[in-house]
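Close look at the chain arrangement
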Amino acid sequence: MNRRDFLRTVAGGAAAGAFLPLDGFASPLFPEAAAAPFAVVTGPDPAALVRRAVELVGGMDSFVSSGDVVFVKPNISWDRPPAQGATTNPLVVETVVRLALEAGAKRVVVADNTCNDARRCYAHSGIKEAAEAAGAKTPFMEARKFVKTQIGGKAVREWEVYRDALDADRIINVPVAKHHGLSGVTLSMKNLMGLVGGARNRMHQKLDTSIVDLCAFFRPTLTILDAVRILTAHGPQGGTLKDARTLDTVAACIDPVKIDAWGTTILAEAHDGRAPEEFAFIREAEERGLGTSDFRGGEFHEETLAG
Amino acid sequence: MKNARRLSQILFLALFLFLFIQTEYKGSNELGLPVRFFLDFDPLIALSVLLATHAARALFLFSIVTVVVSVLFGRVFCGWVCPLGTLNTFAGWFKMRSMKPGEDDTVFRRWRPVKYYVLFFLLVAAAFGWNAAGFVDPISMTIRSLAVGWNPAVNKIVRSFFEFTYAADLPWVSPGLDAVYSAMIGTALAFEQPVFRQSILIGLLFAGVIGLNALAPRFWCRYLCPLGALLGLLGWKQALARVDVDGGKCVSCRRCNLSCQGDATPFPAGRWASRECLACWNCADVCPVQAVSIHPTTRATGDGNVDLTRRWLLASGLGALVAVPAMSVGAHRTRPNPELIRPPGALPEQAFVRTCVKCGECMKVCLTNGLQPTLGQAGLEGLWTPLLVPRLGYCEYNCNLCSQVCPTGAIRAIDLKEKHRIRIGLATIDRDRCIPWALGVNCIVCEEHCPVPGKAIRFEEEERENRRGETFTLKRPVVNPRLCVGCGICENKCPVVDLPAIRVSSINETRSEENRLVL
Ligand code: SF4
Ligand code: SF4
Ligand code: SF4
């Protein structure tokens, strides 16, 4: 059973709120995830940050088995240069691809359903070039590859999902930390909107529940949050250097809720310093058992790497 | 000579099609060489723009090459270069092969003057300010018809095939074909299926032009083409390659006439019409007794040129004089049309319509397929000029491709810095349809997509209670007219899809003095 069949079979069960214990898929959706190691690494070299953060949470070998097809989902939504902080840092993406291939992945696919013209976004974010240099495929998401799929969520029941993401054995979510006009922040859960097509703009009407639904459905194996340069205002696409801050930080965890809870703390400027629990999507994700917002509660690593 | 000519035709057609396909975003902000290259060499375009606007462009200099070649050799452009001419050669081949001796004296020969009257009409109209040449200029017409009419059709057919095999999910076959498909997308095929208003109409008109070959080979080139008429007039006295038929040797087999691309009547001897000759030189090839020679001479080798009657010249001139003011009467001149959102860099409306040659290159190149041909929005005088239809495609903030391909400068060359300052319209919110305003539910997709740094959309915020009694902040969008550039991405992405709750109209466009919102 590949991931796609697997997801199709479980979607029905997930709708009923029953998360069955499923072997063979490293998933954060279980209570044990509360103890999952969480790593925040700071330093000048993004590649080193990713390597160290992944190492601290168990090493890529524990997430990717040899022969796996790995789908890496950065944020490539906007036609903006990397310095403006609207898209995931290309070096971060490149390193994730390298780690996945080093761990034995058969194939790594890097793609996103962009908001601006895909060709421009892929090129100007620097992600296409970087990911390809590391050995990934970077296909554009083409309309025919979106297939109607049971999501089984509370707001999102059925939606068009990108087939390559369904077919992949692992999804590694690589968002960038940004301000967002509606939800205050956009972090890992919202990033998964790039895997669906159709009239996804409608999801904004129940944005918090929708992105929790997507997270429950896609179950990313690992989440690596790029906070090398973050966008603190006029997100999610910014457009000037003024709105971006350099944090030189990368965080990693298998628990997306921990990641997003921590993410809100570095974006305090963007949302007047609200506490993580004040974000509806974090609260809801926690309530639905996708993880915990108490990122300091389990194994917590904070490290600074020297240049 | 025939093979050399065919090779030349095929190479130029291939170049044309290659440049046509290249007239698309290929991963860099600079486009390289767009299919405009062919228009640059087109003296009819240069002349009509010059007459209509009294403004010359440096690029018109290329067309001097065509003029010089024509003066020296006659219509070699028609016979050896023109992509439409080549398509007509192919399409007319069947007719030509089936003609029997005698059928070369076609009933359409009387139509030979028509193209000169068409030309005269266009030039008079241009001189009085209506630049209509682009409708019938062969290069402009071909680019437009392929871009708006045929490219979408070809894409649709090819894509449907591959999409079918993809969906069928056959082992081996589907993945293999899909790899081929992926490689074709963005290379031979457009990046996305192009969709154009009026594509059927514009495509069929072109099919009609090609279909005329069923009546007589190269019907368009022989009887209708205004560029051919212009080049014929220029090359009329050409002295470097005249067709000379030796009546003494001629055996009256009529093969020369039957193979003549231009209905230039090499037979009977002495009746060769220099203005009609497309320099295909088939006559010399097919003559069984070598009675036909092509050589430099100043001697008049034929007197077959048709006379233009003063009556018809007068009629076409007068027709133009009536048409020009008639064109300008209409609602489009009375007040600005809200739908008429012109691409960034477009000249002020009147100058724009005078300068645009309706080649459709901007529509072909537009990243988002947002540029569409007008129907009534700019009046008949502005038919098929580009307008942005945000519901179909928005103007990409960091793109200026249309300004790079425009052959006449109707869309000025602008760099991105300048583009970011140009407003092409203004978005306004329809509060009766906007989800937060009308329904009290959050949305703000428009704000999320607004590309202006600092955002041209801000919120009016209000604490509300939802049905479960939880408080939330309702964010209702408001547009700032000072920042909005009218790109239309908000309208394009608004989830109220049929009639979006935020819509762009042309008001506030930088290029107009009158179409302004506030003082
Ligand atoms: S209208 Fe806008 S998006 Fe389209 S080609 Fe012109 S500049 Fe680019
Ligand atoms: S995208 Fe449309 S419905 Fe949503 S807030 Fe904007 S105008 Fe209103
Ligand atoms: S048209 Fe809409 S998206 Fe574009 S600048 Fe104006 S408000 Fe922003």
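Above this text you will find the structure in question.
Read on for a plain summary of the structure. All values reported here derive from a predicted model rather than from experimental measurement.

A count of helical and extended segments in chain B gives 24 helices and eight strands. Projected onto its principal axes, the C-alpha positions of chain B cover 105 × 65 × 35 Å. Across the 519 residues of chain B, 56% fall into the buried class. Considering only residue pairs separated by 6 or more positions, chain B has 75% of its internal contacts joining residues 24 or more positions apart. With the model as given, the accessible surface of chain B reaches about 22,400 Å², and the carbon-plus-sulfur share is 64%. One finds the centroid of the 56 positive side-chain charges in chain B at a distance of 8 Å from the centroid of its 41 negative side-chain charges.

Trp130, Trp220, Val243, Phe352, Val479 and Ile502 of chain B are the most contacted members of the largest nonpolar core, which has 127 residues in total. Residues contacting Val479 of chain B, with those up to four places away along its chain left out, are Leu426, Ala427, Ile429, Ala456, Ile457, Cys484 and Ile502 of chain B. Of all hydrophobic cores here, the second largest spans 101 residues; its members include Phe71, Ile171, Ile172 and Trp262 of chain A.

We now examine the site of ligand 1. As a matter of local geometry, ligand 1 sits amid Pro344, Cys366, Leu371, Cys395, Glu396, Cys399, Asn400, Cys402 and Lys419 of chain B. Considering only residue class, the shell around ligand 1 consists of six nonpolar, one polar and two charged.

As a further point, take the site of ligand 3. For ligand 3, the set of nearby residues contains 14 residues, the closest of which are Cys450, Cys484, Cys487, Gly488 and Cys490 of chain B. When its residues are assigned to classes, the shell around ligand 3 shows 12 nonpolar, two polar and no charged.

Residues and elements named next belong to chain A. Along the chain, Ala100 falls in helix α3 (residues 90-102). Classification of Ala100 as buried rests on a relative accessible area of 0%. Separated by 34 residues in the primary sequence, Ala100 and Ser66 place their C-alpha atoms 9.2 Å from one another. Once residues lying within four places of it in the same chain are set aside, the contact partners of Ala100 are Met60, Val64, Val70, Ala105 and Val108.

So, on to the environment of Asn173 of chain A. Residues and elements named next belong to chain A. By secondary structure assignment, the location of Asn173 is in strand β6 (residues 170-174). Taking the relative accessible area as the measure of exposure, Asn173 reaches 0% and is therefore buried. A C-alpha to C-alpha distance of 4.9 Å links Asn173 and Lys73, two positions 100 residues apart in sequence. The residues contacting Asn173, other than those within four sequence positions of it, are Lys73, Ser188, Asn191, Leu192, Pro220, Leu222, Thr223 and Ile224. A polar contact of 2.7 Å, which involves the side chain of Asn173, links it to the side chain of Asn191.

Relative to the helices and strands, Arg288 of chain A is located in the loop between α10 (280-287) and β11 (300-304). A polar atom in the side chain of Arg288 of chain A sits 2.7 Å from the side chain of Asp213 of chain A.

Right, let's get into the interface of chain B and chain A. Counting from both sides, the interface comprises 37 residues of chain B and, opposite them, 32 residues of chain A. Note on chain B versus chain A: buried area summed over both sides is about 3,000 Å², and carbon and sulfur give 49% of it. Counting across the interface, chain B meets chain A through five salt bridges. Between Lys190 of chain A and Glu448 of chain B there is a salt bridge, with the nearest N and O atoms lying 3.2 Å from each other. Taken together, the connections running from chain B to chain A amount to 20 residue pairs in polar contact (both at pLDDT 80 or more). Broken down by secondary-structure element, the contributors of at least two residues to the side of chain B that touches chain A are α9 (138-168), α10 (173-184), α23 (445-449) and α24 (489-493) of chain B. A total of four residues in the side of chain B that touches chain A trace back to one element, the largest contributor, which is α23 of chain B. In terms of residue class, the side of chain B that touches chain A is made up of 20 nonpolar, seven polar and 10 charged.

Moving on, we come to a nonpolar patch on the surface. A contiguous nonpolar surface patch, about 690 Å² in accessible area, is contributed by Leu61, Ile64, Val65, Val68, Val69, Val71, Leu72, Phe73 and Leu240 of chain B. Taking relative accessible area as the criterion, Leu240 of chain B reaches 38% and is therefore assigned partly exposed.

Conventions used here
- Residues numbered from 1 in each chain as written.
- Chains lettered and ligands numbered in written order.
- Predicted model: local features only at pLDDT ≥ 70, side-chain atom pairs only at ≥ 80, totals over all residues.
- Heavy atoms only, no water.
- Helix = DSSP H or I, 4+ residues; strand = E, 2+ residues; numbered from the N terminus.
- Buried < 20%, exposed > 50% of the residue type's maximum accessible area, 1.4 Å probe, protein only.
- Contact = heavy atoms within 4.5 Å.
- Areas by Shrake-Rupley, 256 points an atom, 1.4 Å probe, with all protein chains shown as cover.
- Lys, Arg positive; Asp, Glu negative; His and termini not counted.
- Charge placed at Lys NZ, Arg CZ, Asp CG, Glu CD.
- Core = buried A, V, L, I, M, F, W, Y, C linked by side-chain atoms within 4.5 Å.
- Near = heavy atom within 4 Å.
- Nonpolar A, V, L, I, M, F, W, Y, C, P; charged D, E, K, R; others polar.
- Polar contact = N/O pair within 3.5 Å; in protein donor to acceptor, adjacent residues only side chain to side chain.
- Buried area = accessible area lost by both parts, 1.4 Å probe.
- Salt bridge = Lys/Arg side-chain N within 4 Å of Asp/Glu carboxyl O.
- Patch = residues over 30% accessible without salt bridge, like charges linked within 9 Å, V, L, I, M, F, W, Y side chains within 5 Å.

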